[in-house]
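Coordinate analysis (summary)
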Amino acid sequence: MLACKDAQAGMPLLDRYIGHDYDLLMVSDYSLGNAAFERFGFSEKLACFQVAYYGKRPSNKSELYIRPAEERDLPILIKNYHLVNPEELEKLVRRKNILLGYHQDQLVGFIGGSVSRR
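Residues numbered from 1 in each chain as written. Predicted model: local features only at pLDDT ≥ 70, side-chain atom pairs only at ≥ 80, totals over all residues. Heavy atoms only, no water.

The secondary structure content of the protein amounts to 4 helices and 3 strands. Secondary structure elements of the protein occur, N-terminal to C-terminal, as α-α-β-α-α-β-β. Against the globule reference of 13 Å for 118 residues, the protein gives a C-alpha radius of gyration of 18 Å, more extended than a compact globule. Projecting the C-alpha coordinates of the protein onto the three principal axes gives extents of approximately 50 × 40 × 20 Å. The burial tally for the protein puts 24% of its 118 residues in the buried class. Counted over contacts in the protein with a minimum sequence separation of 6, partners at least 24 positions apart contribute 49%. Surface accessibility of the protein: about 9500 Å² in total, with carbon and sulfur atoms responsible for 53%. Here the protein contributes 16 positively and 15 negatively charged side chains, and the mean placements of these two sets differ by 6 Å. (Helix = DSSP H or I, 4+ residues; strand = E, 2+ residues; numbered from the N terminus. Rg over C-alpha atoms; globule rule 2.2 N^0.38 Å. Buried < 20%, exposed > 50% of the residue type's maximum accessible area, 1.4 Å probe, protein only. Contact = heavy atoms within 4.5 Å. Areas by Shrake-Rupley, 256 points an atom, 1.4 Å probe, with all protein chains shown as cover. Lys, Arg positive; Asp, Glu negative; His and termini not counted. Charge placed at Lys NZ, Arg CZ, Asp CG, Glu CD.)

To continue, consider the packing of helix α1 (residues 7-17) against helix α2 (residues 30-40). Relative orientation and spacing of two packed helices are given, respectively, by the angle between their axes and the distance between those axes. At a minimum axis distance of 9 Å, the contact between α1 and α2 shows a crossing angle of 40 degrees. Helix-helix and strand crossings are classified by hand; for α1 and α2 the assignment is right-handed. Residues Ala7, Gly10, Met11, Leu14 and Asp15 of α1 lie in contact with α2, whose contacting residues are Ser31, Leu32, Ala35, Ala36, Arg39 and Phe40. Residues of the contact of α1 with α2, tallied by class, amount to 7 nonpolar, 2 polar and 2 charged. (Axes fitted to C-alpha atoms, helices over the stretch in contact; angles between N-to-C directions. Left-handed = near helix turned anticlockwise from the far one by under 90°. Nonpolar A, V, L, I, M, F, W, Y, C, P; charged D, E, K, R; others polar.)

Turning our attention to α2. For α2, the set of buried residues is Leu32, Ala36, Phe37 and Phe40. All buried residues of α2 lie within an arc of 140 degrees about the axis, which places them on one face of the element. Away from the buried face of α2 by more than 90 degrees, exposed residues Tyr30 and Glu38 are located. Taken together, the buried residues of α2 touch α1. Phi turns positive, to about 70 degrees, at Gly41, one or two residues after α2. (Arc of directions from axis to C-beta.)

This is the structure we're talking about:
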């Protein structure tokens, strides 16, 4: 992961530390990500956006909640998430790296980290 606000400053760091044999790269700057995508010949990219809520804390009566995924959640995760294989999903669940989001009692989404490949 490289966090950098200036693509011109970040690219030399990537050239120094990242080889063409890497299959996963995370950068926090959109233009740096695009430059790295071209330079290192990646075949796919996924754009993520960081957001923050600085407003007043919601009441505890909210119908929204999150919880860490558990082993019993693996079938729904495996059915709907295809960027990693089922064995990697199992590791993520064991590490509590996947969070499930609910509205009332209905699963509406999930998010989590990835298994390091290096």
